[in-house]
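Analysis of the macromolecular model
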Amino acid sequence: MKEEKIQGGDVCRTIEVAVVGLPAMKLSPAEENFDADGEELCMPPLNFAMVDNGVFRSGFPDIANFAFLQTLGLRSIICMCPEPYPEANAQFVKANGIKLFQFGIEGCKEPFVNIPEDTIREALKVILDESNHPLLIHCNRGKHRTGCVVGCLRKLQKWCLSSVFDEYQRFAAAKARVSDQRFMELFDVSTFKHLPMSFSCSKTNNP
C-alpha cells in the first residue's frame, strides 16, 4: 500500500497495489532427482539421521534414495518390516554387496502394539557387531519400530530415560506411543554385557 500527499493541499491519496505471484513450476518426480546440469541428486530417505559412528536410521528407502545410500558405503541394512523386501531394494542391496537383516515386526496401532523383545535383541546384536558397519536401520516411517531399536541401543549407551524419550519423540512427533516408551523403559540390557562394545556404545554418550 502506498500513501501519497499532494503538495499545497490536504488531500491524501492511497494507492493499493496487489502483488500477484506467478504459479510455481512443478517438476515431475523424475526431474526432481536431477539438478540443472542433469546430475543425479542425493536425496536421503524419510527421517534419516546418524545414530552413532557407522550406524544410521531412516524410513523405508525408495529408488530416489539409492544414490544417497551409496555415499554411506553401507555393509548392512536392518529392516524392521515383515513384508517381503521390494524387488528394486533387493536388487540395490545385491548390486552393492549389502547384507540384509530382516527382523519383521508388525506395524500395529495402539492399543494393539506388540513389540517382541527377542526380535529387538536380535537386531541389537547385529548393530553391536562392528563388522556389519556402516549399517542402516529402517522400518516404514522411521518412527516406532526403528525408534524402539534405537531407544534400547541408547540404554546400552547409558543414556538417561528422559534423553531416550526426547530422541524417540523427536522422530515420532505427534505419533509418539506410550507403549513404545514403556517398552524401552522396561527393556533389560544386562544380558548384553558379554557382547563386545568397542564402538561408542561402550562410552557414556548421554547428551
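Residues numbered from 1 in each chain as written. Predicted model: local features only at pLDDT ≥ 70, side-chain atom pairs only at ≥ 80, totals over all residues. Heavy atoms only, no water.

Attention now moves to the overall build of the protein. Within the protein, the regular secondary structure consists of seven helices and seven strands. The buried share of the protein, reckoned over its 207 residues, is 41%. In the protein, 64% of the contacts between residues at least 6 apart in sequence involve partners at least 24 apart. In the form shown here, the protein has an accessible surface area of approximately 12400 Å², with 54% of it arising from carbon and sulfur atoms. (Helix = DSSP H or I, 4+ residues; strand = E, 2+ residues; numbered from the N terminus. Buried < 20%, exposed > 50% of the residue type's maximum accessible area, 1.4 Å probe, protein only. Contact = heavy atoms within 4.5 Å. Areas by Shrake-Rupley, 256 points an atom, 1.4 Å probe, with all protein chains shown as cover.)

Here we come to the nonpolar core. In this structure, Ile78, Met80, Ile120, Leu124, Ile127 and Ile137 are the most contacted members of the largest nonpolar core, which totals 46 residues. Apart from the residues within four sequence positions on either side, Leu124 is in contact with Val149, Cys152, Leu153, Leu156, Phe187 and Phe192. (Core = buried A, V, L, I, M, F, W, Y, C linked by side-chain atoms within 4.5 Å.)

The subject of this paragraph is the confidence of the model for the protein. For the protein, per-residue confidence averages 81 on the pLDDT scale, and residues scoring 70 or more make up 70% of the total. Between residues 2-9, whose pLDDT stays under 50, and residues either more than four places distant or in other chains, the model counts twelve contacts. Residue range residues 11-22 is modelled with pLDDT below 50. Its contacts to residues more than four positions away, or to other chains, number 15 contacts. (pLDDT = per-residue confidence, 0-100.)

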